[in-house]
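For reference, the chains in residue letters:
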Amino acid sequence: MSSKPVVLIAEELSPATVDALGPDFEIRHCNGADRAELLPAIADVDAILIRSATKVDAEAVAAARKLKVVARAGVGLDNVDVSAATKAGVMVVNAPTSNIVTAAELACGLIISSARNIPQANAALKNGEWKRSKYTGVELAEKTLGVVGLGRIGALVAQRMSAFGMKVVAYDPFVQPARAAQMGVKVVSLDELLEISDFITVHLPKTPETLGLIGDEALHKVKPTVRIVNAARGGIVDEEALYSALKEGRVAGAGLDVYAKEPCTDSPLFELDQVVCTPHLGASTDEAQEKAGISVAKSVRLALAGELVPDAVNVQGGVIAEDVKPGLPLAERLGRIFTALAGEVAVRLDVEVYGEITQHDVKVLELSALKGVFEDVVDETVSYVNAPLFAQERGVEVRLTTSSEATDHRNVVTVRGTLADGEEVSVSGTLAGPKHHQKIVAVGDYDVDLALADHMVVLRYSDRPGVVGTLGRILGEAGINIAGMQVARDIAGGEALAVLTVDDTVPQNVMAEITDEIGATSARSVNLD
């Protein structure tokens, strides 16, 4: 049997997808649209790559005992039960930017085709009919284009159609007018957009709020010369209302790529000559499919390596700033050190981030620390997906604190927890130099300065002469080399803290001997390998 992680490709994907996965995986194939074939095929795989035909619902997630990641080579996730995947600790990733250019270009094509009747004239001529007068169109120049949804695709359409001399207005409650103005777009209300637009193009996600947004009421507010394009999601434009508006002459034409129910091969809209229609071709270019496949293949590699995936839709954090990325492994290791020092799960956990790095979104550092906290607590694999679930199940209150001020270092990350008896445990670390060397800089109230290592020992004891020599002797007799050591104390003769980095794991019997001989009030072995 192969020891490689298994990746199941459930639909036809670009050959570049397999190339991007590389030789580190066992690749299997199945017809994901065939339920009887999918469920047994998914049972023992680590990842599944799909497009739109494969439904990864709660039943499929339950059948996939080893599944760690679902990768959708595209944007929409209508065919993935993200909630069920999250509960199972399965990461869901997509390729959010793979088809934005392709989708925008198709929308532009539908606008132009609707304006100039290109498909209808083409079909007539190929049928032996020369109908120049019937297919007289309209110019785009000086016309008003209403963009409903000024996201990434909507912005690209606005940019491209502006080059045709169109005036562009947009409705999007989540876009600031100043930002739209930078694109040469005026933000207006939906009612105003409906009233003044000569062309309307829809670029919204399909949600309960947007379903039927361009419906009967909206279509009674438009110009009778308006042409409406929907290359976003079926159902945002009410197809029955659009058919009535076209038949009654309240709308001049339409361009459709998406439908409420797909595949759609029989619609009253198809009977109307002024409707240009395509079978959901928004992402159907060689370039978009290749980009999507390569993107999710890279995400699968990261996910199966236990790393954070920027395109994961069910993981907090989103896109990670370059300055933040080096802090992820540091925060995770601090989380593991915290657990080793605490010896139990905290009732409250604070992740504190100080310094210049806080000018960026550092929420992901909280997630990374949380992953480390539970790494050595639970039997299951801990991921960026299920780490928050482990905290929630155990009643751990998790908070993130940030401040741009750091006293002794440019940036510091602290993992601080309150235990059930009220005791507080904390550990702090930083990254040093251009190579981002990980250092531990504090344990509780004690300042230290020591490079992080896979094997460490943390001791608390009463300060007195001879302890360091005793530690050296015991570890030396056990054949364990000390790589580094820091001793801190509050006052002479008071409590002291020693942090040692060693080359190997310190056995329990050696830890017990150290505890007895130096009278340690606390002795913890930390192993991060």
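Residues numbered from 1 in each chain as written. Predicted model: local features only at pLDDT ≥ 70, side-chain atom pairs only at ≥ 80, totals over all residues. Heavy atoms only, no water.

Caption draft 1: A look at the overall build of the protein. Each helix and strand in the protein was counted, giving 17 helices and 22 strands. Taking 24 Å as the expected radius of gyration for a compact globule of 529 residues, we find that the protein reaches 30 Å, considerably beyond that expectation. Expressed along its principal axes, the backbone C-alpha trace of the protein runs to roughly 105 × 55 × 40 Å. Evaluated residue by residue, the protein yields a buried proportion of 48% over its 529 residues. Surface summary for the protein: the accessible area is close to 24,800 Å², and the carbon and sulfur share equals 49%. Here the protein contributes 49 positively and 73 negatively charged side chains, and the mean placements of these two sets differ by 7 Å. (Helix = DSSP H or I, 4+ residues; strand = E, 2+ residues; numbered from the N terminus. Rg over C-alpha atoms; globule rule 2.2 N^0.38 Å. Buried < 20%, exposed > 50% of the residue type's maximum accessible area, 1.4 Å probe, protein only. Areas by Shrake-Rupley, 256 points an atom, 1.4 Å probe, with all protein chains shown as cover. Lys, Arg positive; Asp, Glu negative; His and termini not counted. Charge placed at Lys NZ, Arg CZ, Asp CG, Glu CD.)

Caption draft 2: Just helix 16 (residues 467–477), in detail. What helix 16 keeps buried is the set Val 467, Thr 470, Leu 471, Ile 474 and Leu 475. Viewed along the axis of helix 16, the buried residues span an arc of 120°, placing them on a single side of the element. Those residues of helix 16 that are exposed and angled more than 90 degrees off the buried face are Gly 469 and Glu 477. Tucked into the core, helix 16 has its buried residues touching strand 19 (455–462), strand 20 (482–489), strand 21 (495–502) and helix 17 (508–518). (Arc of directions from axis to C-beta. Contact = heavy atoms within 4.5 Å.)

Caption draft 3: Quick look at empty space enclosed by the protein. Inspection of the entire model under this criterion finds 1 cavity of 30 Å³ or more. Put simply, the largest cavity is a space of about 30 Å³. Looking at the largest cavity, the residues that line it are Phe 338, Val 345, Ala 346, Leu 349, Leu 370, Val 373, Phe 374 and Val 396. Residue contributions to the lining of the largest cavity peak at 3 residues, all from helix 14 (residues 363–375). (1 Å grid on protein atoms, 1.4 Å probe; cavity = no way out; pocket = protein on both sides within 12 Å on 5 of 7 lines; lining within 4 Å. Points joined across faces, edges and corners; volume = space filled by probe spheres on them.)

Caption draft 4: Structural view of the side chain of Ser 98. As for its placement among the helices and strands, Ser 98 is situated in the loop between strand 5 (91–94) and helix 5 (100–116). The class of Ser 98 is buried, set by a relative accessible area of 7%. Discounting residues that sit within four places of it in the chain, Ser 98 has contacts with Gly 74, Ala 288, Lys 291 and Ala 292.

Caption draft 5: Fine view of the pattern of salt bridges. Inspection of every chain in the model, using the stated rule, returns 29 salt bridges. Lys 363 is the partner of Glu 366 in a salt bridge, and the nearest nitrogen-oxygen pair spans 3.0 Å. Highlighted residues: Glu 366 and Lys 363, both in helix 14, separated by 3 residues, approximately one helical turn. Using a relative accessible area of 8% as the deciding quantity, one classes Glu 366 as buried. (Salt bridge = Lys/Arg side-chain N within 4 Å of Asp/Glu carboxyl O.)

Caption draft 6: The arrangement of the packing of aromatic side chains in detail. This structure, assessed with the given rule, holds 2 aromatic pairs. Arranged with centres 5.7 Å apart and planes meeting at 90°, the rings of Tyr 259 and Phe 270 form a pair that is edge-to-face. Here Tyr 259 is found in the loop between strand 11 (253–256) and strand 12 (275–277), whereas its partner Phe 270 is found in the loop between strand 11 and strand 12, with 11 residues between them in sequence. On the basis of relative accessibility, which here comes to 30%, the residue Phe 270 falls in the partly exposed class. When the ring of Phe 374 is compared with that of Phe 390, the centres are 6.1 Å apart and the planes differ by 35°; the resulting orientation is tilted. Taken together, the residues span a long stretch of sequence, with Phe 374 in helix 14 and Phe 390 in helix 15 (residues 387–393) at a distance of 16 residues. (Phe/Tyr/Trp six-rings, centres within 6.5 Å; stacked < 30°, edge-to-face > 60°.)

Caption draft 7: Representation of the nonpolar core within the structure. If you look at the biggest cluster of nonpolar residues, it comprises 72 residues, and the most contacted ones within it are Met 91, Phe 338 and Leu 365. The contact partners of Phe 338, leaving out residues within four places of it in the chain, are Ala 346, Leu 349, Val 373, Val 415, Arg 416, Gly 417, Val 425 and Val 427. Judged by nonpolar contacts, the second largest core, of 29 residues, contains Leu 190, Ala 232, Ile 236 and Leu 246. (Core = buried A, V, L, I, M, F, W, Y, C linked by side-chain atoms within 4.5 Å.)

Caption draft 8: Local environment of the sheet that holds strand 21. Read across the sheet, 4 strands follow the order 20-21-19-22 without closing on themselves; strand pairing throughout is antiparallel. Two strands close off the open sheet at either side, each with one partner strand: strand 20 and strand 22 (522–527). Each adjacent strand pair in this sheet contributes to an overall mean axis angle of 15°, direction not counted. One ladder, built from 7 bridges, connects strand 20 with strand 21; its direction is antiparallel. Looking at the pairing, Gln 486 lines up with Val 499 of strand 21. Where helix 16 meets the sheet, its contacts fall on strand 19, strand 20 and strand 21, and the angle it forms with strand 20 comes to roughly 155°. (Pairing = 2+ DSSP bridges. Axes fitted to C-alpha atoms, helices over the stretch in contact; angles between N-to-C directions.)

Caption draft 9: Molecular detail of the pairing of strand 2 (residues 26–29). With 4 bridges joining them, strand 1 (residues 6–9) and strand 2 adopt parallel strand pairing. Considered in strand 2, the bridge of Val 6 is made with Glu 26. Handedness of the strand 1-helix 1 (residues 15–21)-strand 2 crossover: right-handed. (Right-handed = clockwise from strand over helix to strand, strands pointing away.)

Caption draft 10: Examining the sheet that holds strand 18 (residues 446–451) more closely. An order of 14-13-15-16-17-18 is seen for the 6 strands of this open sheet, with the pairing classed as mixed. The strands lining the two open edges of the sheet, one partner per strand, are strand 14 (397–403) and strand 18. Strand-to-strand twist across the sheet, computed as the mean angle between neighbouring axes with direction ignored, equals 20°. Note that strand 13 (residues 348–355) and strand 14 share 7 bridges and pair parallel. The residue of strand 14 that forms the bridge with Arg 348 is Glu 397.

These values are about where atoms sit, not about what they do.
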